[in-house]
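Chain by chain, the residues run as shown.
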Amino acid sequence: MLKNILTQNKLNFSDVIDIRNKRLFKFDFSKENKELTPEIINSTNALAAYIDETLLKNDAEIGYGGYLENRVLYKKSIHFGGDDQNSRTIHLGVDIWSKAGEPVFAPCDAVVHSFKNNNNFGDYGATIILKHTIDNVDFYTLYGHLSLKSLENIKVNDVIKQSEKFAELGNESENGNWPPHLHFQIINDIEGKFGDYPGVCSFKEIDKYSANCIN
C-alpha cells in the first residue's frame, strides 16, 4: 500500500538535498568496482579523496546511489560484522554525497519521531527520523550522518513543514567517521525503534528489509 501511495504522490515531494541545476553522478561501492582498494575502503580520508576526485573527473557536483547495493565499505567496521559471512553489507537507503554543512529539507509535512547520536565507528552519527502521514497511512524517513548541531533545539513531535530545512550534513568527526553524505531511508514500520533503524542488512534479511524499506 505505501509503495502505491508514494508512487501516486511522487511529483508532490520536495528534494531532501537541493539538486536543482546540479550535475549528478551515480556511485558504485560494490565489489564490482575494482577502483575500491583496501587502502581506500579502510581510510576515511582516502575514501573522501576518491569521492571528490571521481566527482571532478565526471564533471559532477553531487553523488548518489546505493539502494540494495552489496557494499564492500562496511568491512572496515566490526559494527557491521567485519568479514564474517553473516555480516551486514546490503545498503537499505540511498546515499547523497555532498559537503559538510549541506542543508537537508523535509520531503513532505512531518513531525519529529525521534533523534539520536549513533556514535559507533561506521554508524549513522547524528540521526533524525521524521514521521509522515499521507492518505491516512503513516511512514517514516530516516536521515543519517548529520551534524551534531542538527540535534540541538529539536523535540519529539516538533512540526516540520514540507521543504523546511531541519538539519545539515556532518563532518567525519560527528557522522560516524564517513566522508560527508546523507543516508536517506524510507521505512514503513519503525518497529518501535527510537532514533535508529538498520540501514544495512545481511543477505539472509534482504526480503524482510527490502519490503519494509522502500526504494
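Relevant structure appears above.
Residues numbered from 1 in each chain as written. Predicted model: local features only at pLDDT ≥ 70, side-chain atom pairs only at ≥ 80, totals over all residues. Heavy atoms only, no water.

Undergrad: Quick one: what's the story with the overall build of the protein chain, residue by residue and with numbers?
TA: Secondary structure summary: the protein chain contains four helices and twelve strands in total. Taking 2.2 N^0.38 as the reference for a compact globule, 215 residues should give roughly 17 Å; the C-alpha atoms of the protein chain span a radius of gyration of 16 Å, in line with that estimate. Each principal axis of the C-alpha atoms in the protein chain carries an extent, and together these give about 45 × 40 × 35 Å. Within the protein chain, the fraction of its 215 residues that count as buried is 51%. Within the protein chain, contacts between residues separated by at least 24 positions form 72% of all contacts whose residues are at least 6 apart in sequence. As presented, the protein chain carries roughly 10800 Å² of accessible surface, and 48% of it is formed by carbon and sulfur atoms. In the protein chain, 23 positive and 30 negative side-chain charges are present, and the distance between their average locations comes to 2 Å. (Helix = DSSP H or I, 4+ residues; strand = E, 2+ residues; numbered from the N terminus. Rg over C-alpha atoms; globule rule 2.2 N^0.38 Å. Buried < 20%, exposed > 50% of the residue type's maximum accessible area, 1.4 Å probe, protein only. Contact = heavy atoms within 4.5 Å. Areas by Shrake-Rupley, 256 points an atom, 1.4 Å probe, with all protein chains shown as cover. Lys, Arg positive; Asp, Glu negative; His and termini not counted. Charge placed at Lys NZ, Arg CZ, Asp CG, Glu CD.)

Undergrad: I'd like a description of the pattern of salt bridges, backed by residues and values.
TA: Under the criterion given, the structure shown has twelve salt bridges. Asp59 serves as the salt-bridge partner of Arg23, at 3.4 Å between the closest nitrogen and oxygen. Placement of the pair is Arg23 in the loop between helix H1 (2-8) and strand E1 (24-26) and Asp59 in the loop between helix H3 (44-57) and strand E2 (62-65), with a sequence separation of 36 residues. Salt bridges linked by common partners bring Arg23, Asp59 and Glu61 together as one network. (Salt bridge = Lys/Arg side-chain N within 4 Å of Asp/Glu carboxyl O.)

Undergrad: For the packing of aromatic side chains, give the residues involved together with the corresponding values.
TA: Under the definition given, this model contains eight aromatic pairs. Connected via pairs of aromatic rings, a cluster forms that spans Phe25, Phe27, Phe29, Tyr50 and Trp97. (Phe/Tyr/Trp six-rings, centres within 6.5 Å; stacked < 30°, edge-to-face > 60°.)

Undergrad: Give a detailed account of unusual backbone geometry, specifying residues and quantitative values.
TA: Its identity is not glycine, yet Asp59 carries a phi of approximately 50°, on the positive side. Non-glycine residue Asn177 carries a positive phi angle of around 70°. Position of Asn177 relative to the elements: it lies in the loop between strand E10 (165-168) and strand E11 (181-187). On the accessibility criterion, Asn177 (23% relative accessible area) is partly exposed.

Undergrad: Could you give an account of the environment of His145, naming the residues involved and the relevant values?
TA: Following the sequence through the fold, His145 ends up in strand E8 (residues 137-146). When its relative accessible area of 5% is taken as the criterion, His145 is described as buried.

Worth remembering: the numbers are spatial, not functional.
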